[in-house]
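Structural characterization, general
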Amino acid sequence: MLSRSLLNSDTQLNQRSYYEASVQRPPALAPLQGSVQADVLVVGGGFAGLSAALELAQRGLSVVLLEADRIGAGASGRNGGQAIVGYASGQGPFENQLGAPDAQRAWDLSVQAVELIGERIATHGIDCDWQRGYLYVAESERKARALRHEYEDHSRRGVACEWVEGGDVGRFIHSPRYVAAFRENTSGHLHPLKYALGLARAAQAAGVRIFEHSAVTGLRRGSTLVARTAQGQVQAKFGVLAGNCMLPEYGPQVAPEIAPRIMPVGTYIIGSAPLEPALCERLIPGNAAVCDNNFVLDYFRFSADRRMLFGGRVSYTTRTPADLQGVMARRMAQVFPELAGVPVEYVWGGFVDISMNRAPDFGRLGDNLYYLQGFSGHGVALTGLAGQLVAEAVAGQAGRFDLYARLQHRPFPGGALLRTPSLALGMLWYRMMDAL
Ligand SMILES: Cc1cc2nc3c(=O)[nH]c(=O)nc-3n(C[C@H](O)[C@H](O)[C@H](O)COP(=O)(O)OP(=O)(O)OC[C@H]3O[C@@H](n4cnc5c(N)ncnc54)[C@H](O)[C@@H]3O)c2cc1C
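The structure reproduced in this document is the subject of the present report. Here the structure is a predicted model, which means the values were calculated and not measured.

A few points about helix α5 (residues 141–156)
The terminal C-alpha atoms of α5 lie 22 Å apart, and with 16 residues this matches the ideal 22 Å at 1.5 Å per residue to within 8%. Taken together, the buried positions of α5 are occupied by K143, A144, L147, Y151, D153 and H154. Once α5 ends, the next one or two residues include G158, with phi positive near 105 degrees.

A closer look at the packing of helix α4 (residues 100–124) against helix α10 (residues 379–394)
Closest axis-to-axis distance for the α4/α10 pair is 8 Å, and the angle between their directions is 90 degrees. The angle between α4 and α10 falls in the class roughly perpendicular. Taken together, the residues of α10 that come into contact with α4 (itself represented by L109, Q112, A113, V114, L116, I117 and R120) are V380, A381, L382, G384, L385 and Q388. Looking at the contact of α4 with α10, its residues break down into 9 nonpolar, 3 polar and 1 charged.

Brief notes about the pairing of strand β12 (residues 289–292)
In β12, alternate side chains face the same way, and those of A289 and C291 on one face and V290 and D292 on the other are all buried. Two elements, strand β4 (residues 131–138) and β12, share 4 bridges in a ladder whose sense is parallel. Looking at the pairing, V137 lines up with D292 of β12. One ladder, built from 2 bridges, connects β12 with strand β13 (residues 299–302); its direction is antiparallel. Residue pairing across strands places C291 opposite Y299, the latter belonging to β13.

Quick look at the packing of α4 against helix α6 (residues 192–205)
One can describe the packing of α4 onto α6 by two numbers: an axis separation of 11 Å at closest approach and a directional angle of 55 degrees. Our classification of the angle between α4 and α6 gives oblique. The element α4 and its partner α6 pack so that their crossing is left-handed. On the side of α4, the interface is formed by I117, R120, I121 and H124, while α6 contributes Y195, L199 and A202. Split by residue class, the contact of α4 with α6 holds 5 nonpolar, 1 polar and 1 charged.

A look at the nonpolar core
Counting residues in hydrophobic clusters, the biggest one holds 83 residues, and the most contacted among them are L56, F94, Y195, L372 and Y404. Here the element with the most residues in this core is α10; it accounts for 10 residues. Sequence-distant contacts of F94, that is, excluding residues within four places in its chain, are made with Y87, S89, G99, A103, A106, A359, P360, Y404 and L407. Counting residues in hydrophobic clusters, the runner-up holds 30 residues, among them V164, V169, V290 and L324.

Definitions and cut-offs
Residues numbered from 1 in each chain as written. Predicted model: local features only at pLDDT ≥ 70, side-chain atom pairs only at ≥ 80, totals over all residues. Heavy atoms only, no water. Helix = DSSP H or I, 4+ residues; strand = E, 2+ residues; numbered from the N terminus. Expected span 1.5 Å × (residues − 1). Buried < 20%, exposed > 50% of the residue type's maximum accessible area, 1.4 Å probe, protein only. Axes fitted to C-alpha atoms, helices over the stretch in contact; angles between N-to-C directions. Parallel < 35°, antiparallel > 145°, perpendicular 65-115°, else oblique. Contact = heavy atoms within 4.5 Å. Nonpolar A, V, L, I, M, F, W, Y, C, P; charged D, E, K, R; others polar. Pairing = 2+ DSSP bridges. Left-handed = near helix turned anticlockwise from the far one by under 90°. Core = buried A, V, L, I, M, F, W, Y, C linked by side-chain atoms within 4.5 Å.

Okay, here's the thing in structure tokens:
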């Protein structure tokens, strides 16, 4: 069974993420007990579920949100915090399946998704260290050519970017590793757990009833949905499934049709000790979040208290890689030799829900049950928009939601038992390609 911390139980490492260590959580909300009714049931207390719940309540619907653990305990409270325009898949699946005009609409929605973060922070007074600035980097001439296409695509689609190569890369990042880069100021980064807790407060203020430690273990469908938890049940006219990898132990009971379309992939982050302000300014002038364009990518940034949060290294076998901290610290030192030997105070991981083509997988099961999944490691911004779209759809304005629902998705080959090993094999290929 998957463990969401992803860290082996015998590890000496600090299993709490930097984010958990740097927030004061409110007391736990009581688990669901007995029978309650609502217009809409939302399953999952990550960004997607919280956003949907908030938007639904703002439209005057009564909403119950059930979370198996604590708010933000899944990917939303443990990610790289990078809120990025565009999609993990690139524009390919949108253009191929929906045509150019709707592909451009999808792009514009991804930009709106980032803007929505700023709006919510302002409207609900969420203090989550939101900082604009994003840097895309390439570590070889071959990767630089691909990055140049990405830069041109961003520019053509209306996101202002600046391209640099060779010695000019040092204007944006002080690393011997990169030969080209482009920077834009629409995307940015934030403290994801502070943001998730802020969304939960906003949702509660709008009337959402949230129950923690209330995993949905079964869902009866029909004109009235009935969700069961260990000690209670919810009856609702509509449902929104926003469980990310939907905890593998429950996914097949709750939504067997969509579970095979998602692969849980582990990804990891280390957090250094706080660094000197002058060093941070030298390493990443302008304090952008950074991501390379390898298939197995490195993504990193500084926290507000100047720790290097360095992410990367994936696991397709659901097992924590050996010597995780050492491997990642060495990788960080290859990018920033000045950080060799800097103490690593945190290491943690989580699961991203990738779809086969890396495009988001949103849709409906029957008339009244919606699902949001397949953010494919690109969900910090897109989840917020997805929640808004699902609320529009439930409230009877399905237009923008159906743009995504028209995308076709395939299951991973091999079913539940074989999809992880076959993906692991596939990944070996991509890692070889990264190395070329
Ligand atoms: C280490 C890491 C780094 C990442 N970095 C980035 C990044 O920098 N930028 C980016 O855009 N994306 C990133 N991502 C991806 C991003 O975090 C996710 O796409 C996003 O948080 C997904 O939000 P969600 O609400 O769909 O899922 P989650 O946040 O995982 O929330 C789902 C919730 O549903 C609950 N749940 C599941 N099953 C049930 C059930 N049966 N009953 C009740 N509750 C249930 C879970 O407990 C969980 O809290 C990263 C992910 C990880 C793990």
